[in-house]
Amino acid sequence: MKTFIMQNDFTAILLAKDPNFQEIRNEVVKFTEIKQSSDALSIFEITSVAIWNAISLGITKEFIFTTLEKYSPSIPATVRAKINEWFERYGSAELKRNDSSTILLTTKGDRDIIRNIKKLERLLLSETVEGFLFSNTDRGEIKSILVQNDILVNDTIGFTNGDTLSFKIHPWVVVRDYQEEAAQSVYQAFTGTAVGPCGCGKTVIGLREMELCQTNTIIVTNSQASVKQWYKSILKFTNLTEEQVGMYDKDNKILKPVTITTYNMMAYNKKGDFLHFKKFLSYNWGLLVTDECHLMPADFFKIVTSLQSIRKIALTASFVREDGREKEILSLIGPKRFDKPWKDLEARGFIAKVSPKEVRVPMNALERKMYVEAKSVQEKFQIASTASTKASVIKQLIEKHKGAKILIIGNFTEHLLEISKELGIPCVYGETPNKEREKYYDKMRNDEINELIASKIATTALDIPKLSVVIQISIQYGSRSAEAQVCGRVTRPKEEESHFYTIVSKDTVQEDYNFNRQQYLTDEGYKYEITEMAA
């Protein structure tokens, strides 16, 4: 009996009780996105992004149809037709160099498809027998507009090499097989995205890409802490010197052969004028590394459209974006060239084994009354997130894991400070000076303290290898990528099992948002244990 039920809306249902569940899942995830996963069933969806990423990883149309025919009782005609269309549109439009100042857009199909895209009209210089002429400065914007219309462009214009930067990774640094595979996959394609779990060493993938390219490099990441981490890693793992590597921030605005900055700094604009980016354009770069690209702010997409002439690699733990802009990453930076499942690396000991748990806690009578009377979902969410009963549960979990390195993380600063005062645990948050943050991080590393409370500043670039327990007490609504990042704080390889707790107020909207957050890790093969604890 075939149990993968393909539907007209491009979703498919697979019951978890199917004896071949794992086999079917492992095959269909190669060209679908998992939209929902529970103990009872999984819901998959076929999208243009899923198909195009599959093509870039070498999946053929024949494989997709054979797999669907093998496991599904029938394939709706609309689904079959759309898959054929997405395959046809992958590279159906091609960008070529015309002369030193213009580029040519050609199409294999009906030209009216291009003519009818209104946003292209203002950029079009002229239409010729061969195709459509544009200024070469509009290369990225053209690709962005076309992908929004389900046309993925084959960009054959080529890339500039940038100034040569000769360096090596130190011989004592072990580049693992999957890190080499990821770097080589993107290098050979010139651009692309490498996806791997937190703790798998994506920094090393980036460094290996730089070593392969041997050129001036911009590294853009999401926070100043990440900038410093990249800076330290480059100086530690390679023979590059302080004269060759720089951090571009509010205190230092000197460009060096390797320059590291944040998305916000690069995308800062005053009345539409991108002040810092204009300075970057004066340098002859050959490679752009975008770290944690799922966190790339909307304004940065405008920057990337202007950097189409250099090689690019995006590093991320999750290709998922809550704003649905995966298509633009795929078009402007490049499709997935490498994707390593979390459980594969866990089985090989390259990331820690993690046990995720959702702990439901009742609110006290007063807070429950406030919750019921709250007018908006946002107000209900905040009341549930900051329930006072959570402090007692945190205390119980600390006692349970006595002696372990524990990070307590949340989204509401006032609540974190209240818990810090009640439990006598230091707290770092957005307004905490960088030096003070580093002081507490070092205390954790040096075994001077075992517990630390932090806001979302600690969701990325927190390098405390011994950390084995994360207690998440308030969440960033339903963000799946944020859930992966928080869990990633304890995935650094270690002998003992790590624990990832999320404390939610029972029978509140927090449970609903948390269900959505869990989808990404569930898709990666993790199973959340749901428990209840009394305050």
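Keep in mind that what you see is a predicted model, and the values were worked out from it rather than measured.

## Concerning the sheet that holds strand β22 (residues 498-505)
Point 1. Spatially, 7 strands are ordered β19-β20-β18-β21-β22-β17-β23 in an open sheet, and the strand pairing comes out parallel. Looking at strand neighbours, the two that pair on one side only are β19 (427-428) and β23 (529-532), the edges of this open sheet.
Point 2. Here strand β18 (residues 405-409) runs beside strand β21 (residues 467-472); their pairing, made up of 5 bridges, is parallel. The residue of β21 that forms the bridge with Ile409 is Gln472.
Point 3. Against the sheet, helix α21 (residues 480-487) contacts β17 (354-361), β18, β21 and β22, and its axis sits at roughly 135° relative to β22.

## Re the packing of α21 against helix α22 (residues 509-517)
Point 1. It is at 7 Å that the axes of α21 and α22 come closest, and there the two elements cross at 80°. One way to sum up the angle between α21 and α22 is to call them roughly perpendicular. From α21, Arg480, Ala482, Glu483 and Val486 reach across to α22, where they touch Asn514, Asn516 and Arg517.
Point 2. Looking at the contact of α21 with α22 residue by residue, the classes come out as 2 nonpolar, 2 polar and 3 charged.

## Notes on the pattern of salt bridges
Point 1. Applying the stated criterion across every chain, the model contains 31 salt bridges.
Point 2. Put simply, Glu85 and Arg89 hold a salt bridge, and the shortest N to O gap is 3.6 Å. Of this pair, Glu85 and Arg89 both sit in helix α4 (residues 77-89), 4 residues apart, which is roughly one turn of the helix.
Point 3. Residues Lys250 and Asp251 are paired through a salt bridge, measuring 3.4 Å at the closest nitrogen-oxygen approach. Of the two residues, Lys250 and Asp251, both sit in the exposed class.
Point 4. One network of salt bridges, with partners in common, ties together Arg111, Asp112, Arg115 and Glu127.

## What about the pairing of strand β14 (residues 287-291)?
For a regular strand, side-chain orientation follows a simple rule: the groups alternate between the two sheet faces.
Point 1. When you tally the buried positions in β14, you get 5 out of 5 residues, the bulk of the element.
Point 2. Across the two faces of β14 the burial is the same, with Leu287, Val289 and Asp291 and Leu288 and Thr290 all buried.
Point 3. With 4 bridges connecting them, strand β11 (residues 217-221) and β14 associate as parallel partners. Bridge assignment links Val220 to a residue of β14, and that residue is Thr290.
Point 4. Bridging between β14 and strand β15 (residues 311-316) involves 5 bridges; their strand directions are parallel. Among the inter-strand pairings, Leu288 is bridged to a residue of β15, identified as Lys312.

Procedures and definitions
- Residues numbered from 1 in each chain as written.
- Predicted model: local features only at pLDDT ≥ 70, side-chain atom pairs only at ≥ 80, totals over all residues.
- Heavy atoms only, no water.
- Pairing = 2+ DSSP bridges.
- Helix = DSSP H or I, 4+ residues; strand = E, 2+ residues; numbered from the N terminus.
- Contact = heavy atoms within 4.5 Å.
- Axes fitted to C-alpha atoms, helices over the stretch in contact; angles between N-to-C directions.
- Parallel < 35°, antiparallel > 145°, perpendicular 65-115°, else oblique.
- Nonpolar A, V, L, I, M, F, W, Y, C, P; charged D, E, K, R; others polar.
- Salt bridge = Lys/Arg side-chain N within 4 Å of Asp/Glu carboxyl O.
- Buried < 20%, exposed > 50% of the residue type's maximum accessible area, 1.4 Å probe, protein only.

These figures come from the coordinates and say nothing about function on their own.
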